Amino acid sequence: MAESFRCSKFGGCDCGTTPLFPVGDEDQTQHDELTAPTEEEPAEVLQQLPTPFTITLSQMLEHCATHVPYRAWCPHCVEGRGREFGHSSCQPVEGRATPTISFDYAFVGDRGEIISRVEADVEDGAIKILVIRDNKSKAVFAHVVPKKGVDEDGFAVKCIVDDVKWLGYTKVVLKTDNEPAILKLLQETLRDLRIEGLDQVMGENSPEYDPQANGNAEVGVKLVKGMLRTMRSALEEKLGFRIPARHPLIAWLIGHSANVLNWCVKGHDGQSAYHRVRGKPFSTTLPTFGELCRYKTRSHEPLSASGDGKKFHLGIFVGIDRRTGQYVLSTDDDVAYARTIM
């Protein structure tokens, strides 16, 4: 009996011992099926698309104020910034010590996105956007300009100069492509920056017939267009109709879209572009663009003496003044600045 315990085989074996529990042919077949290796081996765990969670109304309203960060459950985020599946990230490349500020043009029309400059010249309702991006802080700026190159009033040059001054650099490299109009804009901007007293200002151009070599500006154009589509889609849904590209509200929206990117979007270091430049996170309370607000005026301001004697007036929120941090509101016949809104 002890030898039967030591035998590990069922049925019969060559050891000459008697099995403790004899097994018939039918039971042996069932046992072989149970102990045979399975045909389905362990499989790789596949990555699946995440299922958006059910959000509350307050979460949706809070998200609609900036549409940052990107949310797959928001149709306006998907419409404006939905992208194809990306490639795996590569090793980071060490950047240059002197910040490079690149700028290029983007075009927006009434019939949708415009890619080529030829389409922008043909379409009457198209507007031209000057997009500026800093490769060090990742700050991006966008301005609606009357024409490509240098305009009569020098508005485009002033926009670039003001953006560089806001960044606070004393040494910069301005980079553009080789289009004649933008080369003229580069020369005039370099001259004005030297007049402003910057220690070192240099110009740089991408190789001819290779616009992708100015990748910093291309990224800025993509970011601004995506955020603009997102916020424009949300605004048009609330209003119930399409907004023409040449409407003044679009000009305000373009600048606000670039500012939202600077205020809210964080990089791998956990900081936004505003935080990198100013040394502190953006903390101003933001309403939704185009929202009707009541803004407070102070006693010494002209608007408080309008005759109605009220401290609060109605206005439409269109952005925040970068220099003073005040809310910018569009009124019936003017633009108002206020520190307090309701």
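Residues numbered from 1 in each chain as written. Predicted model: local features only at pLDDT ≥ 70, side-chain atom pairs only at ≥ 80, totals over all residues. Heavy atoms only, no water.

Some words on the side chain of D134
At step 1: In this structure, D134 sits in strand β3 (residues 127-134).
At step 2: Here D134 occupies a buried position and makes no salt bridge, while the nearest side chain of opposite charge, K136, is found at 7.5 Å.
At step 3: Side-chain polar atoms of D134 contact the side chain of S137, separated by 2.6 Å.
At step 4: Leaving out residues up to four positions away in the same chain, D134 has contacts with P99, T100, I101, A139, L167, Y169 and N216. (Helix = DSSP H or I, 4+ residues; strand = E, 2+ residues; numbered from the N terminus. Buried < 20%, exposed > 50% of the residue type's maximum accessible area, 1.4 Å probe, protein only. Lys, Arg positive; Asp, Glu negative; His and termini not counted. Salt bridge = Lys/Arg side-chain N within 4 Å of Asp/Glu carboxyl O. Polar contact = N/O pair within 3.5 Å; in protein donor to acceptor, adjacent residues only side chain to side chain. Contact = heavy atoms within 4.5 Å.)

Side note on the nonpolar core
At step 1: Core analysis: the biggest nonpolar cluster contains 66 residues, and I101, F103, I129, L130, V172, L185 and L193 have the highest contact counts within it.
At step 2: Considering every element that reaches this core, the biggest residue donor is helix α9 (residues 248-264), with 8 residues. (Core = buried A, V, L, I, M, F, W, Y, C linked by side-chain atoms within 4.5 Å.)

So, the pattern of salt bridges
At step 1: Here the structure, examined in full by the defined rule, presents 11 salt bridges.
At step 2: Salt-bridge contacts for R191 lead to D192; the nearest nitrogen and oxygen are separated by 3.2 Å.
At step 3: Several salt bridges converge on common partners, so that one network encompasses K184, E188, R191 and D192.

Some points on the pairing of β3
At step 1: Of all 8 residues in β3, 8 are buried; the element is thus mostly enclosed.
At step 2: Side chains I127, I129, V131 and R133 of β3 all project onto a buried face; the interleaved residues K128, L130, I132 and D134 project onto the opposite face, where all are buried too.
At step 3: The sheet contact formed by strand β1 (residues 100-109) and β3 spans 8 bridges and is antiparallel. Note on β3: the bridge partner recorded for V108 is I127.
At step 4: The sheet contact formed by β3 and strand β4 (residues 140-145) spans 6 bridges and is antiparallel. (Pairing = 2+ DSSP bridges.)

With respect to the environment of V140
At step 1: Position of V140 among the secondary structure elements: in strand β4.
At step 2: Taking the C-alpha atoms as reference points, V140 and N262, separated by 122 residues in sequence, lie 6.6 Å from one another.
At step 3: If we ignore the near neighbours within four places in the chain, the residues touching V140 are V131, I132, R133, G220, V224, A258, L261 and N262.

Quick word on the packing of aromatic side chains
At step 1: All chains considered together, the criterion is met by 5 aromatic pairs.
At step 2: With 6.2 Å between their ring centres and 45 degrees between their planes, W166 and Y274 make a pair best called tilted. Note that W166 is positioned in helix α6 (residues 155-167) and Y274 in helix α10 (residues 273-278), a separation of 108 residues in sequence. The exposure classification of W166 matches that of Y274, with both residues buried. (Phe/Tyr/Trp six-rings, centres within 6.5 Å; stacked < 30°, edge-to-face > 60°.)

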